[in-house]
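Close look at the chain arrangement
Listed here are the chains, written in short residue letters.
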Amino acid sequence: TSGKGNHKSPYPDDPVFQEKYAKFIKALAEDFNDYDKVDFIDAFGLGKWGESHAMLYKDPSNKRKVFEWITDLYTQTFTKVPLVIHYHRVIAADNQDSWGPVAPDTDELLHLAIEKGYSLRHDAFGMNGYYQEWEKELD
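The structure presented is a predicted model; accordingly, all values stated were derived computationally and were not measured.

**Comments concerning a nonpolar patch on the surface**
- Taken together, the side chains of Phe 24, Leu 28 and Phe 32 define a hydrophobic patch exposed on the protein surface, amounting to about 260 Å² of accessible area.
- When you line up the elements, Leu 28 lands in helix α1 (residues 15–32).

Spelled out as C-alpha coordinates, the structure:
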(Lines give C-alpha, C1' and ligand atoms only; values in the text may rest on other atoms or scores of the structure.)
Protein backbone atom coordinates (compact mmCIF):
# COMPACT_ATOMS: atom_id res chain seq x y z
CA THR A 1 0.00 0.00 0.00
CA SER A 2 0.91 3.58 -0.38
CA GLY A 3 -0.51 6.69 1.11
CA LYS A 4 -0.66 10.35 0.29
CA GLY A 5 -1.72 11.96 3.52
CA ASN A 6 -4.19 9.66 5.24
CA HIS A 7 -5.32 7.98 2.00
CA LYS A 8 -4.04 4.41 1.88
CA SER A 9 -4.81 2.10 -0.97
CA PRO A 10 -3.47 -1.12 -2.45
CA TYR A 11 -1.76 -0.74 -5.78
CA PRO A 12 -4.22 -2.00 -8.41
CA ASP A 13 -1.31 -2.92 -10.69
CA ASP A 14 0.21 -5.25 -8.09
CA PRO A 15 -0.16 -8.88 -9.30
CA VAL A 16 -0.74 -10.13 -5.75
CA PHE A 17 -3.53 -7.60 -5.24
CA GLN A 18 -5.08 -8.53 -8.59
CA GLU A 19 -5.00 -12.23 -7.74
CA LYS A 20 -6.65 -11.70 -4.34
CA TYR A 21 -9.16 -9.13 -5.63
CA ALA A 22 -10.20 -11.42 -8.51
CA LYS A 23 -10.76 -14.26 -6.05
CA PHE A 24 -12.90 -11.93 -3.90
CA ILE A 25 -15.00 -10.72 -6.87
CA LYS A 26 -15.53 -14.28 -8.08
CA ALA A 27 -16.71 -15.30 -4.60
CA LEU A 28 -19.16 -12.37 -4.57
CA ALA A 29 -20.49 -13.41 -7.95
CA GLU A 30 -21.35 -16.86 -6.60
CA ASP A 31 -24.01 -15.19 -4.45
CA PHE A 32 -24.84 -11.99 -6.31
CA ASN A 33 -24.72 -12.76 -10.05
CA ASP A 34 -28.50 -12.93 -9.81
CA TYR A 35 -30.88 -10.20 -10.99
CA ASP A 36 -33.47 -11.40 -8.46
CA LYS A 37 -31.05 -10.40 -5.68
CA VAL A 38 -29.42 -7.21 -7.02
CA ASP A 39 -30.40 -4.56 -9.55
CA PHE A 40 -26.85 -3.83 -10.75
CA ILE A 41 -23.19 -4.17 -9.82
CA ASP A 42 -20.94 -1.15 -9.43
CA ALA A 43 -18.28 -2.89 -11.46
CA PHE A 44 -15.06 -1.04 -10.77
CA GLY A 45 -14.80 -0.32 -7.05
CA LEU A 46 -11.22 0.94 -7.02
CA GLY A 47 -9.94 4.37 -6.10
CA LYS A 48 -11.06 6.94 -3.58
CA TRP A 49 -14.46 5.89 -2.19
CA GLY A 50 -14.51 3.18 -4.87
CA GLU A 51 -15.42 5.89 -7.38
CA SER A 52 -12.57 5.20 -9.79
CA HIS A 53 -10.50 8.31 -9.08
CA ALA A 54 -7.44 9.18 -6.99
CA MET A 55 -5.87 5.83 -7.85
CA LEU A 56 -2.40 4.95 -6.62
CA TYR A 57 -0.29 2.84 -8.97
CA LYS A 58 3.12 1.25 -8.61
CA ASP A 59 3.63 2.48 -12.17
CA PRO A 60 1.11 5.04 -13.52
CA SER A 61 1.76 3.80 -17.06
CA ASN A 62 -0.27 0.70 -16.06
CA LYS A 63 -3.49 2.71 -15.87
CA ARG A 64 -5.05 1.37 -19.07
CA LYS A 65 -3.96 -2.22 -18.32
CA VAL A 66 -5.57 -1.99 -14.88
CA PHE A 67 -8.73 -0.50 -16.38
CA GLU A 68 -8.97 -3.32 -18.90
CA TRP A 69 -8.20 -5.94 -16.23
CA ILE A 70 -10.88 -4.72 -13.80
CA THR A 71 -13.59 -4.25 -16.44
CA ASP A 72 -12.79 -7.67 -17.95
CA LEU A 73 -12.92 -9.24 -14.49
CA TYR A 74 -16.42 -7.93 -13.86
CA THR A 75 -17.78 -8.66 -17.34
CA GLN A 76 -16.53 -12.24 -17.16
CA THR A 77 -17.75 -12.75 -13.59
CA PHE A 78 -21.09 -10.94 -13.44
CA THR A 79 -22.93 -12.19 -16.51
CA LYS A 80 -26.55 -11.96 -15.33
CA VAL A 81 -26.60 -8.51 -13.70
CA PRO A 82 -26.21 -5.07 -15.31
CA LEU A 83 -22.77 -3.53 -14.76
CA VAL A 84 -22.27 0.15 -14.05
CA ILE A 85 -19.22 2.35 -13.73
CA HIS A 86 -18.84 5.65 -11.94
CA TYR A 87 -19.02 8.56 -14.37
CA HIS A 88 -15.98 10.66 -13.47
CA ARG A 89 -13.78 13.14 -15.34
CA VAL A 90 -10.56 11.65 -13.98
CA ILE A 91 -11.49 7.97 -14.19
CA ALA A 92 -8.74 5.66 -12.97
CA ALA A 93 -6.37 8.64 -12.81
CA ASP A 94 -3.40 8.79 -10.47
CA ASN A 95 -4.66 12.16 -9.34
CA GLN A 96 -5.85 13.38 -5.97
CA ASP A 97 -7.87 16.28 -7.41
CA SER A 98 -11.27 14.91 -8.39
CA TRP A 99 -12.35 18.49 -9.15
CA GLY A 100 -9.51 18.94 -11.62
CA PRO A 101 -9.62 19.03 -15.39
CA VAL A 102 -10.71 16.06 -17.48
CA ALA A 103 -7.97 13.46 -17.84
CA PRO A 104 -6.98 13.07 -21.52
CA ASP A 105 -8.03 9.41 -21.69
CA THR A 106 -11.24 9.53 -19.62
CA ASP A 107 -13.57 9.57 -22.61
CA GLU A 108 -11.74 6.66 -24.25
CA LEU A 109 -11.74 4.58 -21.05
CA LEU A 110 -15.42 5.15 -20.36
CA HIS A 111 -16.25 4.14 -23.92
CA LEU A 112 -14.17 0.96 -23.50
CA ALA A 113 -16.36 0.06 -20.52
CA ILE A 114 -19.55 0.97 -22.40
CA GLU A 115 -18.47 -1.26 -25.30
CA LYS A 116 -18.16 -4.12 -22.78
CA GLY A 117 -21.78 -3.55 -21.75
CA TYR A 118 -21.37 -1.12 -18.86
CA SER A 119 -23.81 1.69 -18.11
CA LEU A 120 -22.79 4.94 -16.43
CA ARG A 121 -23.72 5.95 -12.88
CA HIS A 122 -22.99 8.89 -10.63
CA ASP A 123 -24.07 9.77 -7.14
CA ALA A 124 -23.64 13.50 -7.58
CA PHE A 125 -26.07 14.47 -10.33
CA GLY A 126 -27.44 17.16 -8.01
CA MET A 127 -24.01 18.76 -7.55
CA ASN A 128 -24.49 21.69 -9.92
CA GLY A 129 -20.99 23.08 -9.34
CA TYR A 130 -19.24 19.81 -10.08
CA TYR A 131 -20.53 19.13 -13.58
CA GLN A 132 -18.87 21.07 -16.34
CA GLU A 133 -19.15 20.96 -20.13
CA TRP A 134 -17.43 17.58 -20.50
CA GLU A 135 -19.96 15.85 -18.25
CA LYS A 136 -22.86 17.49 -20.04
CA GLU A 137 -21.54 16.66 -23.51
CA LEU A 138 -20.36 13.05 -23.08
CA ASP A 139 -22.05 10.92 -25.69
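**Points about the pattern of salt bridges**
- The final tally for this structure, using the stated rule, is six salt bridges.
- Asp 42 serves as the salt-bridge partner of Arg 121, at 2.8 Å between the closest nitrogen and oxygen. Of this pair, Arg 121 sits in strand β5 (residues 119–121) while Asp 42 sits in strand β3 (residues 41–42), and the two are 79 residues apart along the sequence.
- Residues joined by salt bridges that share partners form a network here, namely Arg 64, Glu 68 and Glu 108.

**Examining the pairing of strand β4 (residues 83–86)**
- Burial of the side chains of β4 extends over both faces: Leu 83 and Ile 85 are buried on one face and Val 84 and His 86 on the other.
- Bridge count between β3 and β4: two bridges; the pairing is parallel. In the sheet register, Ile 41 faces β4, and the bridge partner there is Leu 83.
- In this sheet, β5 lies alongside β4 in parallel orientation, the contact comprising three bridges. Within the sheet, the bridge partner assigned to His 86 lies in β5 and is Arg 121.

**Some details on helix α3 (residues 106–115)**
- Of the positions making up α3, those classed as buried are Thr 106, Leu 109, Leu 110, Leu 112 and Ala 113. Down the axis of α3, the smallest arc covering the buried residues is 150°, so these residues share one side.
- Buried residues along α3 sit in contact with α2 (63–77), β4, β5 and α4 (133–137).
- A positive phi of about 105° marks Gly 117, the residue just after α3.

**What about unusual backbone geometry?**
- In this model, Ala 92 sits at a positive phi of 60°, which is unusual for a non-glycine residue.
- By secondary structure assignment, the location of Ala 92 is in the loop between β4 and α3.

**Quick notes on the sheet that holds β4**
- Taking strand neighbours across the sheet as the criterion, the three strands line up as β3-β4-β5 in an open arrangement whose pairing is parallel. One side of each edge strand has no neighbouring strand; the edge strands of this open sheet are β3 and β5.

Calculation rules
Residues numbered from 1 in each chain as written. Predicted model: local features only at pLDDT ≥ 70, side-chain atom pairs only at ≥ 80, totals over all residues. Heavy atoms only, no water. Patch = residues over 30% accessible without salt bridge, like charges linked within 9 Å, V, L, I, M, F, W, Y side chains within 5 Å. Areas by Shrake-Rupley, 256 points an atom, 1.4 Å probe, with all protein chains shown as cover. Salt bridge = Lys/Arg side-chain N within 4 Å of Asp/Glu carboxyl O. Helix = DSSP H or I, 4+ residues; strand = E, 2+ residues; numbered from the N terminus. Buried < 20%, exposed > 50% of the residue type's maximum accessible area, 1.4 Å probe, protein only. Pairing = 2+ DSSP bridges. Arc of directions from axis to C-beta. Contact = heavy atoms within 4.5 Å.

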